[in-house]
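# Descriptive analysis of the structure
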Amino acid sequence: MSQSKLSPGARIDQLLRSFGTGAKRMRWLRRLAVLHSIDQRLARLEEAVQGGRSTYMGNGLILVKTVVEGAQFGFLVEAEDRLISPWFIVSGRYETELTDFFTATLRPGDRCLDIGANFGYFTCLFARFCPEGQVIGVEPDAKLFGILRDNIHINGFGGHAAARHAAACEAEREVTLFRRLGRSANTSIVSMPESFTDHLGEPPNQPFTVAGTTVDRLAEAWGGRVDVMKVDVEGAEPLVLAGAAATIAANPDLQIVMEWSPGQIRAAGVDLGEFLDQVAGMGLLCHGLGPGRPLLSRDTLLGLHYAAGILLARRPR
């Protein structure tokens, strides 16, 4: 019988017999075991490689490889960005505290909203770890919206994830935002003074208008159900929650991870204490993202300079 017609098991048996018997055979088997171990370690190393895996794609875009919980992603990012892109390219890591929280708590069928999606890292993370769910990433900046949309499709999530070009706020209306050139993730409803942008070597803010929508309107696509929401909108968080009142009331298990940036919220003209009253009035408690999801008191939050994310939930997962 030819070698090609042997079953896999027979071929393995034939290979083992070719190693001889006794001590000689055992030496070969030990060598095979060592080679197999090395091969497995190399595979794990390749899977875990983070920084340094990037390629310039032209048109001011860099493609970056990152690995999250063994899942590989490819993300286009802005080459001219000075806020997110440099460290993301070097390390392959982004918002690690939020990433760890989401990978530990997301469920396969979750409906997720990414409000302030930027280039789509969390939109794609949601889509990867919620394969039976639905995801919408909302981004007001036209250029970032295009990158967000491309990243959804580059990673193969077009079947259950979508990009929306809009600003989430308290009503269906036109919204004026101020683009930060070179730091697009800091684009805000607040215009930074030229003295500030000059200090960073940036051009002045560029105002632009975009259609505004509400979380409640976005949730209509899913019959009002939302399970997870990430909100990072540079001081406009009170507007986003105001436009999510019906969704929050209808989803008692909703998990909201929100950037906590008191300086930006105050700069947007909102009293911090009144905002915390707004959150409490919706029945939401504030928690840290760490083990045990500790409750954060009002005094703690008022004294906290910044947190990449706090959890707003009636019952943390």
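Positions within a chain are numbered from 1, following the residues in the order the chain's sequence is written. Only residues with pLDDT of at least 70 are given local features in this predicted model, and only at 80 or more are side-chain atom pairs given and counted; all residues enter the totals for whole chains, interfaces and linings. Derived side-chain values reflect all non-hydrogen atoms in the structure, with water molecules and hydrogen atoms excluded from consideration.

An unreviewed UniProt entry lists the protein under the name FkbM family methyltransferase, from Belnapia mucosa.

## A look at the sheet that holds strand β8 (residues 174-179)
Here the rule is simple: two strands pair whenever DSSP picks up at least two bridges between them. Put simply, DSSP H or I for four residues or longer makes a helix, DSSP E for two residues or longer makes a strand, and each gets a number counted from the N terminus. One open sheet holds the three strands; their spatial order is β7-β9-β8, and the pairing between them is mixed. The open sheet has two edge strands with one neighbour each: β7 (167-168) and β8. Note that β8 and strand β9 (residues 206-213) share six bridges and pair antiparallel. Bridging across to β9, L177 finds its partner in F208.

## With respect to the packing of aromatic side chains
What counts as a ring pair is set by centres within 6.5 Å for rings of Phe, Tyr and Trp (its six-membered ring), and what kind of pair is set by the plane angle: stacked under 30 degrees, edge-to-face over 60, tilted for all other angles. For the coordinates displayed, the defined rule picks out 18 aromatic pairs. Where F88 meets Y121, the ring centres are 6.2 Å apart and the plane angle is 90°; that geometry is what we call edge-to-face. Remark: Y121 occurs in helix α5 (residues 121-129) and F88 occurs in helix α3 (residues 85-91); sequence separation between them is 33 residues. The classification of residues rests on relative accessible area computed with a 1.4 Å probe and restricted to protein chains. Under 20% of the type maximum is buried, over 50% is exposed, and intermediate values are partly exposed. Y121 gets classed as buried once you look at its relative accessible area, which sits at 4%. Ring plane angle 85° and centroid distance 4.9 Å describe the contact between F102 and F126, whose orientation is recorded as edge-to-face.

## Overview of the pairing of strand β5 (residues 134-139)
Summarising burial for β5: five of the six residues are buried, a large majority. Convention used here: a crossover is right-handed provided that the path from the first strand, over the helix, to the second strand proceeds clockwise when the strands point away from the viewer. With α5 bridging strand β4 (residues 111-115) and the parallel β5, this β-α-β connection has right-handed handedness. Handedness of the crossover is the feature at issue here: the chain leaves β5, passes through helix α6 (residues 142-154), returns alongside strand β6 (residues 161-165), and the resulting connection is right-handed.

## Notes on helix α4 (residues 96-105)
Turn by turn, an α-helix covers 3.6 residues, leaving residues three or four places apart pointing in a common direction. When α4 is considered as a whole, its buried residues turn out to be L98, T99, F101, F102 and T105. The buried side chains of α4 occupy one side of the element, clustering within an arc of 165° when seen end-on. Contacts are assigned to residue pairs with any non-hydrogen atoms lying within 4.5 Å of each other. Residues of α4 that are buried in the fold lie against β2 (61-68), α5, β10 (228-231), β11 (255-260) and β13 (307-313). In this description, one arc is meant: the one made by directions from the helix axis to the C-beta atoms.

## Considering the sheet that holds strand β3 (residues 71-78)
As summarised here, the arrangement of the three strands in space is β1-β2-β3, forming an open sheet in which the pairing is antiparallel. The two strands at the open ends of the sheet, each matched to only one other strand, are β1 (54-58) and β3. Strand-to-strand twist in this sheet, taken as the mean axis angle between neighbours without regard to direction, amounts to 30°. Two strands pair when backbone bridges link them, and β2 and β3 are joined in this way by eight bridges, in the antiparallel orientation. Residue pairing in the sheet places V64 in a bridge with F75 of β3. Against the sheet, α5 touches β2 and β3, its axis set at about 160° to β3. To get an axis, a line is fitted to the C-alpha atoms, and for a helix only the part in contact is used. The angle between two axes follows their N-to-C directions and goes from 0 to 180 degrees.

## Points about the UniProt feature "domain: Methyltransferase FkbM" (unreviewed entry) in the protein
UniProt positions are given in the numbering used here, feature names are shortened, and annotations may be inferred rather than shown by experiment. Per the UniProt record, "domain: Methyltransferase FkbM" (unreviewed entry) is annotated on residues 114-263. Here residues 114-263 runs as 31% helix and 26% strand, with 22 Å between its end C-alpha atoms.

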